[in-house]
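Residues per chain, in single letters:
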Amino acid sequence: MCWNYRGYGLSEGAPSAKALCDDVTQIYDYMRQVLKLTGKVGIYGCSLGGIPASYLPSVRDVELVICDRTFSSLDAMAEDVVKGLYPIYKLATYLQGNDNARAFLTESQNKVHKLIMIDVEDTTVPLKQSLMHGVARKIREESNLLDLTETKALALSLSRLYELEDALFNSISLMIE
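Now for a nonpolar patch on the surface. A grouping of M1, Y30, V34, L35 and L37 is seen on the molecular surface, where their side chains present a nonpolar patch of about 480 Å² in accessible area. Along the chain, the position of Y30 falls in helix α1 (residues 17–33). We classify Y30 as partly exposed; its relative accessible area is 41%.

Printed below as a string of structure tokens:
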């Protein structure tokens, strides 16, 4: 199921991290309770969609989470991107804090299959603000499991997966045409 976030498209209201999380929970409940959908559930979130995708498995039964070119923390990314104007930006956008990396690593998500996709050339979400880096930082801070060499190797591996995915998509597109 796809939907417009609050404040996007024809949806009313103002966007915020909390609103995204509230909405995805309500949509999940609607699909289960009203539409009576059963079976395994996966969630895909790209960019801003990484907030609800990272959050939902902490409150509902989800089998698979795919976060594509999303950020570790909306606040940190906004602060990095708009630098000195950040306090004005935060007030103007009703930006509420979120921590995708923490949500992605919560204990309730231990049995969820997870995939983080990145694009090292992404100009919207800088690599250092990506969910991949945020998860690696959290793991390092909290358990000292990764060193910088392993983090760089992980980034290169994920980058290669993205290249392969892109090549596969292009091949399929050519076959369809």
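Another point: the environment of V24. Inspection of the secondary structure assignment puts V24 in helix α1. According to the relative accessible area criterion, V24 is buried, its value standing at 3%. Residues V24 and A53 lie 29 residues apart in sequence; the distance between their C-alpha atoms is 8.2 Å. Excluding residues that lie within four positions of it along the chain, V24 makes contacts with W3, I43, P52, Y55 and L56.

Attention now goes to the pattern of salt bridges. Any two side chains of opposite charge can pair, so long as their charged atoms come close to each other. Considering all chains together, one arrives at 4 salt bridges under this definition. Here D23 makes a salt bridge to R6, at a shortest N to O gap of 2.7 Å. Here D23, found in helix α1, pairs with R6, found in the segment before α1; they are 17 residues apart in sequence, far enough to count as distant. For D23, a relative accessible area of 10% translates into the label buried. Residue D68 pairs with R69 through a salt bridge whose shortest N-O separation is 2.7 Å.

This next bit is on the nonpolar core. With 17 residues, the main nonpolar core has I43, V62, V65, F104, I116 and L131 as its most contacted residues. Every element with two or more residues in this core is listed here: α1, β2 (64–68), α5 (100–104) and α6 (131–143). Counting residues per element, this core draws most heavily on α6, at 3 residues. Grouped together as the second largest cluster of nonpolar side chains are 10 residues, Y5, C21, L48 and V125 included.

This part covers the sheet that holds strand β3 (residues 113–117). Overall, parallel pairing links the 3 strands, which are arranged β1-β2-β3 in an open sheet. Whereas interior strands pair on both sides, the edge strands pair on one side only; in this sheet they are β1 (42–46) and β3. Going from strand to strand, the sheet's axes swing by 10° on average, the running direction of each strand aside. Alignment of β2 against β3, held across 5 bridges, turns out to be parallel. Note on β3: the bridge partner recorded for I66 is L115.

Moving on, we come to the packing of aromatic side chains. Each aromatic ring pair is specified by the distance between its two centres and by the angle formed by the two planes. By the definition in use, this model includes 2 aromatic pairs. Aromatic pair W3 and Y5: ring centres 6.5 Å apart, planes at 85°, arrangement edge-to-face. Residue W3 is classed as partly exposed on the basis of its relative accessible area of 30%. Between Y5 and Y8, the ring centres sit 5.7 Å apart and the planes meet at 85°, which makes this aromatic pair edge-to-face. Accessibility expressed as a relative area gives 19% for Y5, which makes it buried. The exposure class assigned to Y8 is partly exposed, which follows from its relative accessible area of 39%. Cluster of aromatic residues (ring-pair linked, three or more members): W3, Y5 and Y8.

Rules used throughout
- Residue positions are counted from 1 within each chain, in the order its sequence is given.
- Given that this is a predicted model, residues contribute local features only at a pLDDT of at least 70 and side-chain atom pairs are listed and counted only at 80 or more, while totals for whole chains, interfaces and linings are drawn from all residues.
- Based on all heavy atoms of the structure, the side-chain values leave hydrogens and waters out of the count.
- Residues form patches when they are more than 30% accessible in relative terms and have no salt bridge. Like charges link within 9 Å. Nonpolar side chains (Val, Leu, Ile, Met, Phe, Trp, Tyr) link within 5 Å.
- Surface exposure here means Shrake-Rupley accessible area, sampled with a 1.4 Å probe, where a residue is shielded only by the protein chains that are shown.
- Criterion for a salt bridge: a side-chain nitrogen of Lys or Arg within 4 Å of a carboxyl oxygen of Asp or Glu.
- Counting from the N terminus, the helices are DSSP H or I runs at least four residues long and the strands are E runs at least two residues long.
- Note on exposure labels: buried denotes an accessible area under 20% of the residue type's maximum, exposed denotes more than 50%, and partly exposed covers the range between, all computed with a 1.4 Å probe on protein chains only.
- Contact between two residues is taken to exist if any of their heavy atoms lie within 4.5 Å; hydrogens are not considered.
- To qualify as a nonpolar core, a set must consist of buried Ala, Val, Leu, Ile, Met, Phe, Trp, Tyr and Cys residues joined through side-chain atoms within 4.5 Å.
- Strand pairing is assigned whenever DSSP identifies at least 2 bridges connecting the two strands.
- Between N-to-C directions, angles span 0 to 180 degrees; the directions come from axes that are lines fitted to C-alpha atoms, helices contributing only their stretch in contact.
- Working definition: a ring pair exists when centres of Phe, Tyr or Trp rings (six-membered ring for Trp) sit within 6.5 Å. Plane angles under 30 degrees give stacked, over 60 give edge-to-face, the rest tilted.

Note that every value here comes from positions in space, so none of it alone points to a role or purpose.
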